[in-house]
Amino acid sequence: MKINIVLYIAFFWSLLLFSSVYSQDDSSHALWEQLKEEKGNFERYSLLRQLLKEDRQRMQELSLEQQIKFYQEGIAMAIAVDSLHNAGDWALQLYEIFVNRENDFEKGLALMLESKKIAEKVPSTRLGGNLYLKLAAAYYNLGQFDDAIEFYSVAKNRFGENDSIFVADALFFRGQAKDYRGMFLSSLEDYELARKYYEQLGDQEFVDYVLNGISILFSKYGLVEEAEKIRVQLLQKLNKDEQFYDWCILMYNRSNDYRKVGNTEMQFQLLKEIEANFPEEDVDPTLQALIYFQFANYYAFQKNLAQQSHYFNLGESIVLVNNLSGSFTELSMAKARLIEALERRDKDKALKLAENFKELVKSTDNYDYKLEGLELYAKALKLNDRPEQALNAFERYHVFKDSVFAVNQANSFAYYQTLFETERKERELLSKTIEIDTITRENASKIRILVITASVIIVGLFLLYLINRLSSLKKTQQLQAQFAQDLLIYQEEERKRISKDLHDGLGQSLLLIKNKVALTSDDSTSSLLGSAIEELRGISRSLHPFQLEELGLTRAIAYLIDQIDESHDVFIDKSIEDVDAYFKREASLHVYRIVQEVFNNILKHSQAEGVRFTLKKRTNYILMTIEDNGVGFDFSEKFNDFKSLGLKTLKERSAALSGSIKVESEKNKGTKFIFQFPIS
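About the criteria used
- Residues numbered from 1 in each chain as written.
- Predicted model: local features only at pLDDT ≥ 70, side-chain atom pairs only at ≥ 80, totals over all residues.
- Heavy atoms only, no water.
- Helix = DSSP H or I, 4+ residues; strand = E, 2+ residues; numbered from the N terminus.
- Buried < 20%, exposed > 50% of the residue type's maximum accessible area, 1.4 Å probe, protein only.
- Contact = heavy atoms within 4.5 Å.
- Areas by Shrake-Rupley, 256 points an atom, 1.4 Å probe, with all protein chains shown as cover.
- Pairing = 2+ DSSP bridges.
- Axes fitted to C-alpha atoms, helices over the stretch in contact; angles between N-to-C directions.
- Phe/Tyr/Trp six-rings, centres within 6.5 Å; stacked < 30°, edge-to-face > 60°.
- Parallel < 35°, antiparallel > 145°, perpendicular 65-115°, else oblique.
- Left-handed = near helix turned anticlockwise from the far one by under 90°.
- Nonpolar A, V, L, I, M, F, W, Y, C, P; charged D, E, K, R; others polar.
- Right-handed = clockwise from strand over helix to strand, strands pointing away.
- Salt bridge = Lys/Arg side-chain N within 4 Å of Asp/Glu carboxyl O.
- Expected span 1.5 Å × (residues − 1).
- Arc of directions from axis to C-beta.

**Student:** Even after reading the chapter, I still don't get the overall build of the protein chain, so can you show me in this structure?
**Tutor:** For the protein chain, the count of helices and strands is 29 helices and five strands. Split into buried and exposed, the 680 residues of the protein chain put 42% on the buried side. Across the protein chain, the fraction of contacts at a sequence separation of at least 24, relative to all contacts at a separation of at least 6, is 62%. Surface exposure of the protein chain reaches about 38,200 Å², of which carbon and sulfur atoms provide 52%.

In structure tokens form, the structure reads like this:
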């Protein structure tokens, strides 16, 4: 019932529409007559579909007004009969008419806002994505860049697995919108990602478009050298006879960069080269006008006012004849007219034009025009003998210039820093991302069906199993942790017993033997026995650090490090604070063993020449770091290999202290152990 009501409304609206359409065109064919007379809604829709979808040549014979009205009725009826694909296709075609043939961006935006409902419901990812893409473009055309960025992002996410070319377009255009919003790094990131997509797709033409966009971005934010590198690279690939327009754009942008850095002669040479290669016809009038205005400004600064007037008149004539509009052309002409008045010292005219130009640049995001607006206004005030106002204007100019310089410097620094950090990995990352996305999308539908089916069947059993399993795992982990702690305690007690037995038993026996041998004056045997006794004492101290009980944790660690420093070639730098008050006897032993184990690893494996040891008290924890400059290792390869690296015991001892261990290492860049023990 709802569909019929909509169809009847569309039908009555169409009767009014066709009474005006067909009064304008006596050459309408039989199809038009059928549409005019047909009162059956679905038959009428069938005729409209034939016209809009299958008989495009006949559509071209109609006036622009007739085409628009046919598309509007077709979209309304397609929505009414739930033919969203046709409605979306026709909305895109009508948008092209509004924007490219009527140059009416407001109508384009209104149309795409209505079509947003189609984009949300239409099954086709490509059509839905393109509708959002055009909505973003409509906002972009009207300078509403925040909204454009939002819907370029929506479009990117709406496209499907086979729509990579459209994803690349969304990224490219979003990068342009971000450029206008001053989002330097984010814009550059979108450009680079779009470029990788186009490269993967083999679309070199759009790779070059992206590179040109990047060069413009670099130029805008003061990275002139980087922009020049890209433009020279692109110019080497362009044949100006075959791709004159693209060649001209690059040369024009290069000339602007040379002007900004003060090299006006190089600017002039590039402009002359462009002019010398103008074809006799099919020259883009906007570009030609801009180049003539640049010539006019150049000759004005050279005090050659005759040539200045000649080129300005050429540019102005092109603007008027071709009815050119757009802020860039308008600003260029206004600037040229103002510079002429200043150079001719026409006070009243210069001030009036300067005020007008200053107002015009407020609506642009171009820093160069904003700066020039302030500078030229100050010059006009000075010319009109208004020193105080001119001084204030120059001060505003320099403040803004300094702020622009600061922004450019910050963006330059951020760019080079980002380039340094990401250049090595970005290509590999993108390749893997695309590969993963492809695999994920190919399997998403199958996995979704499988998961839903399996979940319905086994969800109850799985939850029960999961609860039991979690309980069992928790108990197992607790038992394992307790076992590890008990094992460490048992090991220390056994070490202590063996150490005591060696020291009190075998050590005393060897000492008695040494004393008896000393009575026989057998120095060689006595010396061997002395060495054996010292080695035995060393083994005993290693098994159980009695100095820990005698000296306390802090001094015992210092003593251990001094012993290592004296007996090995490794240089050790230590910084130790007194932490005895924060560890009980058993905890102190764990900390001491951790230090001992780490230094053993360093001496055995690291080939280090130096070690830095720190033991510091922080607000809520004790921080201990041990860092060497040895060969290091690839921690990603060894992450789970705790046993081979001796890390298992360190992990268990840290857990016994409710602490944490972190290992940072790279091949040939040394290793750093970081321990944190909470203060209770």
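**Student:** Where do I start with the sheet that holds strand 4 (residues 660-665) in this structure?
**Tutor:** Two orientations exist for strands paired in a sheet by backbone hydrogen bonds: parallel and antiparallel. Pairing within the open sheet is mixed, and its five strands lie in the order 1-2-3-5-4. Lying at the two open borders of the sheet, with one neighbouring strand each, are strand 1 (571-576) and strand 4. The average angle at which neighbouring strand axes cross in this sheet is 10°, direction not considered. For strand 3 (residues 621-628) and strand 5 (residues 671-678), the ladder comprises eight bridges, and the chain directions are antiparallel. Its bridge partner being in strand 5, M624 is matched across the sheet by F675. Each of strand 1 and strand 2 (610-617) touches helix 25 (residues 553-567); the most contacted strand, strand 1, lies at about 170° to it. Packed onto the sheet, helix 26 (residues 585-606) meets strand 1, strand 2, strand 3 and strand 5 and runs at close to 15° relative to strand 3.

**Student:** I'm lost on the packing of aromatic side chains in this one. Help?
**Tutor:** Each aromatic ring pair is summarised here by two numbers: the centre-to-centre distance and the angle between the ring planes. All told, the structure shown has 24 aromatic pairs when counted by the stated rule. Judged by centre distance (5.1 Å) and plane angle (85°), the rings of F206 and Y209 are edge-to-face. A residue pair is termed a helical-turn pair when its members lie 3 or 4 positions apart in one helix, as F206 and Y209 do in helix 12 (residues 204-220) at three residues. Classification of F206 by relative accessible area gives partly exposed; the value is 25%. Seen in terms of ring centroids, F268 and Y298 are 4.4 Å apart; in terms of plane orientation they differ by 20°. Their pairing is stacked. Separated by 30 residues along the polypeptide, F268 in helix 15 (residues 264-276) and Y298 in helix 16 (residues 285-301) bring together distant segments of the chain.

**Student:** Help me out: how do you make sense of the packing of helix 26 against helix 29 (residues 647-656) in this one?
**Tutor:** Where helix 26 meets helix 29, the axes come as close as 10 Å, and the angle between the chain directions of the two elements is 160°. The orientation of helix 26 relative to helix 29 falls into the category roughly antiparallel. Here the hand of the crossing between helix 26 and helix 29 comes out left-handed. From helix 26, H590, R593, I594, E597 and V598 reach across to helix 29, where they touch L650, R653, S654 and A656. A per-class count over the contact of helix 26 with helix 29 returns four nonpolar, two polar and three charged.

**Student:** Help me understand the pairing of strand 2, please; the structure alone is not making it clear to me.
**Tutor:** Consecutive side chains of a regular strand alternate in pointing toward one face of the sheet and then the other. Bridging between strand 1 and strand 2 involves six bridges; their strand directions are parallel. Among the inter-strand pairings, I572 is bridged to a residue of strand 2, identified as V611. Regarding topology, helix 26 serves as the crossover connection from strand 1 to the parallel strand 2, and that connection is left-handed. Inspection of the sheet shows strand 2 paired to strand 3 by seven bridges, in the antiparallel sense. Directly across from K617, in strand 3, lies its bridge partner I622. Between strand 2 and strand 3, which follow one another and run antiparallel, lie three residues.

**Student:** Sorry, what's going on with unusual backbone geometry here?
**Tutor:** Trans peptide bonds make up the majority, and among non-glycine residues the majority have a negative phi. Even without being a glycine, K303 presents a positive backbone phi close to 65°. As for its position among the elements, K303 is in the loop between helix 16 and helix 17 (305-321). The phi torsion at S658 lies on the positive side, around 60°, for a residue other than glycine. As for its placement among the helices and strands, S658 is situated in the loop between helix 29 and strand 4.

**Student:** Would you explain the pattern of salt bridges in this entry?
**Tutor:** Opposite charge on two side chains allows them to pair when their charged atoms are near. What the rule picks out here adds up to 28 salt bridges. As a salt-bridge pair, R195 and E192 come within 2.6 Å of each other at their nearest N and O atoms. You can see R195 and its partner E192 sitting in helix 11 (residues 184-201), three residues apart, about one turn around the helix. Residues R195 and E192 agree in their burial class; the two are buried. Each of the salt bridges in this network shares a partner with another, and the network as a whole consists of E192, R195, K196 and E199.

**Student:** Just checking my understanding: could you explain helix 10 (residues 164-180) for this structure?
**Tutor:** Think of an α-helix as turning once every 3.6 residues; residues three or four places apart then point the same way. For helix 10, spanning 17 residues, the distance from its first C-alpha to its last is 25 Å, which sits close to the expected 24 Å at 1.5 Å a residue. Counting buried positions along helix 10 gives 12 out of 17 residues, so the element sits mostly inside the fold. Residues of helix 10 that are buried include every one of F166, V167, A168, D169, A170, L171, F172, R174, G175, A177, K178 and D179, and no others. Structurally, helix 10 contributes buried residues whose contacts are with helix 8 (125-141), helix 9 (145-158), helix 11 and helix 12. Trailing helix 10 by a residue or two, G182 shows a phi angle of about 75°, which is positive.

**Student:** Could you clarify how one ought to interpret the side chain of T329 in this entry?
**Tutor:** Counting through the fold element by element, T329 comes out in helix 18 (residues 327-343). The residues touching T329, leaving out its near neighbours within four places in the chain, are T286, L290, F293, V319 and L324.

**Student:** Would you take a moment to explain the packing of helix 11 against helix 12 for this structure?
**Tutor:** Their axes nearest at 9 Å, the elements helix 11 and helix 12 cross at an angle of 165°. Overall, the two elements helix 11 and helix 12 adopt an arrangement that is roughly antiparallel. Between helix 11 and helix 12 lies a crossing whose hand is left-handed. Residues F184, S187, L188, Y191, E192, A194, R195, Y198 and E199 of helix 11 lie in contact with helix 12, whose contacting residues are F206, V207, V210, L211, G213, I214, L217 and F218. Residue composition of the contact of helix 11 with helix 12, grouped by class: 12 nonpolar, two polar and three charged.

**Student:** I tried to follow the environment of A393 on my own but got confused; where do I start?
**Tutor:** Note that A393 resides in helix 21 (residues 387-422). With relative accessibility at 1%, the residue A393 sits in the buried group. Separated by 17 residues in sequence, A393 and L376 place their C-alpha atoms 9.4 Å apart. Setting aside its immediate chain neighbours within four residues, A393 contacts Y377, A378 and L381.

**Student:** Is there a simple way to explain the environment of L314 in this structure?
**Tutor:** Counting through the fold element by element, L314 comes out in helix 17. Overall, the relative accessible area of 30% leaves L314 in the partly exposed class. Sequence separation of L314 and Y292 is 22 residues, and the distance between their C-alpha atoms is 6.6 Å.

**Student:** Where do I start with helix 15 in this structure?
**Tutor:** Its 13 residues give helix 15 an end-to-end C-alpha distance of 18 Å, which sits within 8% of 18 Å, the value for a rise of 1.5 Å per residue. Here helix 15 has its buried residues at Q267, F268, L270, L271 and I274. Projected down its long axis, helix 15 carries its buried residues within an arc of 165°, all on one side.

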